[in-house]
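Observations on the three-dimensional arrangement
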Amino acid sequence: MKCHYEVLGLERDASDSDIKKAYRKAALEWHPDKNMHRKELATETFQLIQAAHAVLSDPQERAWYDDHREAILSGKSGVDSEAQIGVNLMPFFSTTIFNGFGDDENGYFATYDKIFLDVFEDASSQFEHDVDYMTFGDSKSDYETVVERFYQFWFSYTTTYSFAAVDKWDTREAPDRRVRRLMEKENKKLRDAARREYTQTVRQLASYVHKRDPRVKEYKERKQREREAADREREARLAEEKQQRKERFQQMVEAEENAMEDMSEELRALEMQMDEEYGDEEEEQTEFYCEACKKLFKKEKQWKNHERSKKHLAAVAKLRTELEAELLNSETLESDFEDGIPLNSETGENDFEDGIPLNSTGEDNVEDGGEE
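The following paragraphs examine the structure supplied in this document. (Residues numbered from 1 in each chain as written. Predicted model: local features only at pLDDT ≥ 70, side-chain atom pairs only at ≥ 80, totals over all residues. Heavy atoms only, no water.)

Glancing now at the overall build of the protein. For the protein, the count of helices and strands is twelve helices and six strands. Burial status across the protein gives 24% buried among its 372 residues. Long-range contacts, defined as pairs at least 24 residues apart, comprise 52% of the intrachain contacts of the protein with a sequence gap of at least 6. Carbon and sulfur atoms make up 49% of the accessible area of the protein, which amounts to about 26900 Å² in all. (Helix = DSSP H or I, 4+ residues; strand = E, 2+ residues; numbered from the N terminus. Buried < 20%, exposed > 50% of the residue type's maximum accessible area, 1.4 Å probe, protein only. Contact = heavy atoms within 4.5 Å. Areas by Shrake-Rupley, 256 points an atom, 1.4 Å probe, with all protein chains shown as cover.)

Okay, the nonpolar core next. One recurring pattern in soluble globular proteins: nonpolar side chains tend to sit buried together. With 52 residues, the main nonpolar core has Leu-8, Tyr-112, Phe-116 and Trp-154 as its most contacted residues. In terms of nonpolar packing, the next biggest core, distinct from the first, is built from six residues, Cys-290, Cys-293, Phe-297 and Ala-315 among them. (Core = buried A, V, L, I, M, F, W, Y, C linked by side-chain atoms within 4.5 Å.)

Further remarks concern helix α7 (residues 143-155). Taking 1.5 Å of rise per residue, the 13 residues of α7 would be expected to cover 18 Å, yet its terminal C-alpha atoms sit only 16 Å apart, more than 12% below that figure. Here α7 has its buried residues at Tyr-143, Val-147, Phe-150, Tyr-151, Phe-153 and Trp-154. The opening residue of α7 is Asp-142, an N-cap whose side-chain oxygen sits 3.2 Å from the backbone nitrogen of Glu-144. (Expected span 1.5 Å × (residues − 1). Polar contact = N/O pair within 3.5 Å; in protein donor to acceptor, adjacent residues only side chain to side chain.)

Once that is clear, we can look at the packing of α7 against helix α9 (residues 214-278). One way to put it is that α7 packs onto α9 with a least axis distance of 11 Å and a crossing angle of 120 degrees. Judged on the interaxial angle alone, α9 and α7 are oblique. The crossing of α7 and α9 is left-handed. Contacts from Tyr-143, Glu-144, Val-147 and Tyr-151 of α7 reach α9 at Arg-215, Val-216, Tyr-219 and Arg-222. Classifying every residue of the contact of α7 with α9 by side-chain character gives five nonpolar, no polar and three charged. (Axes fitted to C-alpha atoms, helices over the stretch in contact; angles between N-to-C directions. Parallel < 35°, antiparallel > 145°, perpendicular 65-115°, else oblique. Left-handed = near helix turned anticlockwise from the far one by under 90°. Nonpolar A, V, L, I, M, F, W, Y, C, P; charged D, E, K, R; others polar.)

In a regular helix each residue adds 1.5 Å, so 18 residues correspond to 26 Å; helix α3 (residues 39-56) covers 25 Å between its end C-alpha atoms and thus fits that length. For α3, the elements touching its buried residues are α1 (4-8), α2 (16-30), α4 (59-67) and α8 (177-212).

Okay, unusual backbone geometry next. The backbone phi angle of Phe-163 is positive, close to 55 degrees, even though this residue is not glycine. Using a relative accessible area of 4% as the deciding quantity, one classes Phe-163 as buried.

Another aspect to go through is a nonpolar patch on the surface. Together, Met-260, Met-263, Leu-267, Leu-270, Met-274 and Tyr-278 make up a nonpolar patch on the protein surface, roughly 600 Å² of accessible area in all. Within the secondary structure, Leu-270 is located in helix α9. (Patch = residues over 30% accessible without salt bridge, like charges linked within 9 Å, V, L, I, M, F, W, Y side chains within 5 Å. Salt bridge = Lys/Arg side-chain N within 4 Å of Asp/Glu carboxyl O.)

Okay, a negative patch on the surface next. On the surface, a cluster of negative charge is contributed by Glu-254, Glu-256, Glu-257, Glu-261, Asp-262 and Glu-266. Of note, Asp-262 is situated in helix α9. (Lys, Arg positive; Asp, Glu negative; His and termini not counted. Charge placed at Lys NZ, Arg CZ, Asp CG, Glu CD.)

One pass over the structure, following the stated rule, counts 24 aromatic pairs. Between the NZ or CZ atom of Arg-212 and the centre of the ring of Tyr-208, over which it lies, the distance is 3.7 Å. Here the guanidinium or amino end of Arg-215 rests over the ring plane of Phe-136, the centre of that ring lying 4.6 Å away. (Phe/Tyr/Trp six-rings, centres within 6.5 Å; stacked < 30°, edge-to-face > 60°. Lys NZ or Arg CZ within 6 Å of the ring centre and 35° of its normal.)

Between two packed helices, what matters for the description is the angle formed by their axes and the separation of those axes. Between α2 and α3, the shortest axis-to-axis distance is 9 Å and the interhelical angle comes to 165 degrees. The angle between α2 and α3 falls in the class roughly antiparallel. For α2 against α3, the interelement crossing comes out left-handed. Between α2, through Ile-19, Tyr-23, Ala-26, Ala-27 and Trp-30, and α3, the contact on the second element is made entirely by Leu-41, Ala-42, Thr-45, Phe-46, Ile-49, Gln-50, His-53 and Leu-56. Across the contact of α2 with α3, the residue classes break down as ten nonpolar, three polar and no charged.

Tallying each qualifying case throughout the model produces 18 salt bridges. Put simply, Asp-213 and Arg-215 hold a salt bridge, and the shortest N to O gap is 2.9 Å. With respect to burial, Asp-213 and Arg-215 carry one shared label: buried. Residue Glu-226 pairs with Arg-222 through a salt bridge whose shortest N-O separation is 3.8 Å. Placement of the pair is Glu-226 and Arg-222 together in helix α9, with a separation of four residues, close to one helical turn. Here Glu-226 falls in the partly exposed class, since its relative accessible area comes to 39%. You can call Arg-222 partly exposed: its relative accessible area is 25%.

Along the chain, the position of Val-87 falls in the loop between α5 (69-74) and α6 (108-124). With a relative accessible area of 18%, Val-87 lands in the buried category. Considering only alpha carbons, one finds Val-87 and Ile-115, 28 residues apart in sequence, at a separation of 8.3 Å. Non-local contacts of Val-87, meaning those with residues more than four positions away in its chain, are made with Ile-115, Asp-118, Val-119, Asp-122 and Tyr-198.

Among the structural elements, Gln-204 can be located in helix α8. On the accessibility criterion, Gln-204 (8% relative accessible area) is buried.

Let us look at the side chain of Arg-69. Residue position: Arg-69 is located in helix α5. Using a relative accessible area of 13% as the deciding quantity, one classes Arg-69 as buried. Ignoring anything within four residues of it in the chain, the contact list for Arg-69 reads Cys-3, Glu-6 and Arg-12.

Spelled out as structure tokens, the structure:
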């Protein structure tokens, strides 16, 4: 197996941007459609390029690969063969371990079904109670009843091995109780570490397989299509409900406008009827106004009764007397002037000549050029 960094021509400290650029360059160079003269080699190399990018572009998978790179490349677990416990899973962290995604014995489904069955059978003697194996299935297996249950089991897998083979000390050789306890304590640390490492390796392999499982990809795509269809249906329903509310509101507005129009028509008809029966109220008020008493009467009958009243007759007489007095005064004033010049009240003659007042002898009171 070739290192993923070497496949893409990268250093181990390459950034995410470097990985993306290197993948694009290598994919363009080795795409099978552009290498028809060496199609078999191009297809194999292109698959390695895709596998390398899939691992290195995923932070979790890249971290796992960096920590176990030597073991994965060598295909060994990194544990002495005598101390090896469980199944060696390192060779299966590579797409080169299987041949395509068919249902043949060397394909993706048969290969990983066998390795997980080996892990299960190897650990079955350690289970406290009987546990049924969740088969990996094939390309046509149902997702809910087979695929999902399989991954649920292995994602939560915990080994029950004691890992006593990794003990560093033989406690039987301890000279005393204190030393034996120290030996047991250190051995326990090594066992716990080995147990965690193996459990993590099994779970990581399940995650590795899950990410590349075409059935999982198809299920996610189907769910995505269903969600999009549900979203479109919901949006269509909301749009229809909105249109219905708009139409109902428009109908309410039109009904209100029609009601207002009908009411206006009724009011106009009522006004016409009132005008025909009672006439114009303002004209009636102007017609029955008493100038002498300064009173307004709405009805003709009230007006006629008022004309016969003593108060009205007295007011009319008073008004007549006032008018006659005003007329007499205006005639008197006119007789005291001649061509706009006041007359002497005793002689009745003009006391001015050419605008100059005369003395009692009839001569000018002002000499030429002199003052009064």
